[in-house]
Amino acid sequence: SQQGEEDPQALSIQEGENATMNCSYKTSINNLQWYRQNSGRGLVHLILIRSNEREKHSGRLRVTLDTSKKSSSLLITASRAADTASYFCATSNTGFQKLVFGTGTRLLVSP
Amino acid sequence: GAVVSQHPSRVICKSGTSVKIECRSLDFQATTMFWYRQFPKKSLMLMATSNEGSKATYEQGVEKDKFLINHASLTLSTLTVTSAHPEDSSFYICSARVAGGPYHNEQFFGPGTRLTVL
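Along each chain, numbering runs from 1 in the same order as the chain's sequence is written. All chains are assigned letters beginning at A, and all ligands numbers beginning at 1, according to the order in which they are written. Local features in this predicted model are restricted to residues of pLDDT 70 or higher, and side-chain atom pairs are both shown and tallied only at a pLDDT of 80 or more, whereas totals for entire chains, interfaces and linings draw on every residue. Excluded from the side-chain calculations are hydrogens and water; all other atoms, namely the structure's heavy atoms, are used.

**Quick word on the overall build of chain A**
- Elements are defined by DSSP. Helices are runs of H or I of four residues or more, strands are runs of E of two residues or more, and each kind is numbered from the N terminus. Along chain A, the regular secondary structure elements total zero helices and eleven strands.
- The C-alpha radius of gyration of chain A comes to 13 Å, within 12% of the 13 Å expected for a compact globule of 111 residues.
- C-alpha atoms of chain A, sized along the principal axes, occupy 40 × 25 × 20 Å.
- Here chain A, with 111 residues, has 44% of them falling under the buried criterion.
- In what follows, a contact means two residues having at least one pair of non-hydrogen atoms within 4.5 Å. A fraction of 55% describes how many contacts in chain A between residues 6 or more apart in sequence connect residues 24 or more apart.
- Only the protein chains shown count as covering a residue, and every accessible area follows the Shrake-Rupley method with a 1.4 Å probe. Put simply, chain A shows about 5400 Å² of open surface, and 44% of that area lies on carbon and sulfur atoms.
- Only four residue types enter the tally: Lys and Arg on the positive side, Asp and Glu on the negative side; His and the chain ends are excluded. Charged side chains are reduced to one point each, which is NZ for Lys, CZ for Arg, CG for Asp and CD for Glu. Across chain A, 13 positive and 9 negative side-chain charges occur, with their mean positions spaced 7 Å apart. Radius of gyration here uses only the C-alpha atoms, and the compact-globule reference equals 2.2 Å multiplied by the residue count raised to the power 0.38. Each residue's exposure class comes from its accessible area (1.4 Å probe, protein chains only) as a fraction of the maximum for that residue type: buried when under 20%, exposed when over 50%, partly exposed otherwise.

**Side note on the confidence of the model for chain A**
- Taken over all residues, the pLDDT of chain A has a mean of 92, while the share at 70 or more is 95%.
- The pLDDT value tells you how sure the predictor is about a given residue, anywhere from 0 up to 100. Per-element confidence in chain A ranges from a low mean pLDDT of 87 for strand β1 (residues 5–7) of chain A to a high of 98 for strand β7 (residues 61–66) of chain A.

**Structural notes on the confidence of the model for chain B**
- Here chain B shows a mean pLDDT of 92. Residues at 70 or above account for 99%.
- When pLDDT is averaged over each element of chain B, strand β11 (residues 113–117) of chain B comes out on top at 97 and strand β10 (residues 107–109) of chain B at the bottom at 89.

**What to know about the pairing of strand β5 (residues 44–51) of chain B**
All names here are of chain B.
- Across the eight residues of β5, six count as buried, placing the element largely inside the fold.
- Two strands pair under a simple rule: DSSP has to find at least two bridges between them. The pairing of strand β4 (residues 30–38) with β5 spans seven bridges and is classified as antiparallel. When the bridges of β5 are listed, phenylalanine 34 appears paired with threonine 49.
- Hairpin geometry of β4 and β5 is characterised by an intervening segment of five residues between the two adjacent antiparallel strands and by a positive phi of about 60 degrees at lysine 41.
- Relative to strand β6 (residues 57–58), β5 is paired through two bridges, and the arrangement is antiparallel.

**Describing the state of the cysteines**
- The disulfide definition used here is simple: a pair of cysteine sulfur atoms within 2.5 Å. Counted under the stated rule, the structure contains two disulfides over all chains.
- Here cysteine 23 of chain A connects covalently by a disulfide to cysteine 89 of chain A, the sulfurs 2.0 Å from one another. One quick way to see it: the torsion about the S-S bond of cysteine 23 of chain A and cysteine 89 of chain A is about 70 degrees, and its sign makes the bridge right-handed. Residue cysteine 23 of chain A is located in strand β3 (residues 19–24), and its partner cysteine 89 of chain A is located in strand β9 (residues 85–92); the two are separated by 66 residues in the primary sequence.
- For cysteine 23 of chain A, a relative accessible area of 1% puts it in the buried group.
- Put simply, cysteine 23 of chain B and cysteine 94 of chain B are joined by a disulfide, and their sulfur atoms are 2.0 Å apart. Measuring handedness by torsion sign, the sulfur bridge of cysteine 23 of chain B and cysteine 94 of chain B sits at about 80 degrees and is right-handed.

**Details of the sheet that holds strand β8 (residues 76–81) of chain B**
Residue and element names in this part refer to chain B.
- The four strands lie next to each other as β1-β3-β8-β7, forming an open sheet whose pairing is antiparallel. Looking at strand neighbours, the two that pair on one side only are β1 (4–7) and β7 (67–73), the edges of this open sheet. Looking at each pair of strands side by side, their axes are set apart by 15 degrees on average, direction ignored.
- Judged from the six bridges that link them, strand β3 (residues 19–25) and β8 form a sheet pairing that is antiparallel. What sits directly across from isoleucine 21, in β8, is leucine 79. Only the stretch in contact is used when fitting a helix axis, every axis being a line fitted to C-alpha atoms; angles between N-to-C directions are given from 0 to 180 degrees.

**Concerning the interface of chain B and chain A**
- Listed as interface residues are 20 residues of chain B and, on the opposing side, 16 residues of chain A.
- As used here, buried area is the combined drop in accessible area, with a 1.4 Å probe, of two parts when they are placed together. Both sides of the chain B and chain A interface together cover about 1400 Å² of buried area, and 55% of this is carbon and sulfur.
- Of all residues in chain B, the largest losses of buried area upon contact with chain A belong to Ser43, Gln107 and Phe109 of chain B, amounting jointly to 30% of the total for that side.
- Salt-bridge detection follows one rule: a side-chain nitrogen of Lys or Arg within 4 Å of a carboxyl oxygen of Asp or Glu. Our count for the contact surface shared by chain B and chain A stands at one salt bridge.
- Ionic pairing is found between glutamate 59 of chain B and lysine 98 of chain A, a salt bridge with its closest N-O pair at 3.1 Å.
- Within 3.5 Å is the distance limit for a polar contact, defined as a pair of N or O atoms, with the added protein rule that one can donate a hydrogen and the other accept it, and that residues adjacent in sequence qualify only through two side-chain atoms. Put simply, chain B and chain A have four residue pairs in polar contact (both at pLDDT 80 or more) between them.
- Broken down by secondary-structure element, the contributors of at least two residues to the side of chain B that touches chain A are β4, β5, β9 (90–98) and β10 of chain B.
- When grouped by side-chain class, the residues that make up the side of chain B that touches chain A number nine nonpolar, five polar and six charged. In the scheme used here, Gly and all other residues not listed as nonpolar or charged are polar, with Ala, Val, Leu, Ile, Met, Phe, Trp, Tyr, Cys and Pro taken as nonpolar and Asp, Glu, Lys and Arg as charged.

See the structure below:
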């Protein structure tokens, strides 16, 4: 399977703390994207980082990409209860064609 | 952003019946749509790529005759689960790739359809 691996599988933190999720993938990529999914819902696109980029920021989100290690991390700073969701990384090796999703991290942020 | 809808959001059917799920891009044209399947607490697995006006491309292990895909227009793709069985129960999600405009080539996801086969 080409599916990426994410760790941790589950993460439980308090509001205000930072949450870090890691994603590893197996093949060369054109870009890597992070998505959030609330329980039983569709996916919300968070951020995209291209293979020639190393770091990207969007609000409280910070994404890094290390193509030599085939890994990425998503950092959510100053977490809120509303950040509780599952987070998936997804890679594409041909521009914006089909995505291969990671296994996901379930994040629980307690008030 | 661009909006993708799915209908129905939930469906319960009897074993042996067929179920059709619609995926629509509401405010943009999509030459390509993707169908994913997600089991509880699991990741999304790509089932097939649907191209407007041509046959869908199925991923390895996905039965073409079981999961019929039709992409008849630039705003609509349908997935029909034929002769559904309990093991087909799952969450089905579509995404649409934008053709043209400020979101050209980006993918937007529908809210998903929960299928339960009794």
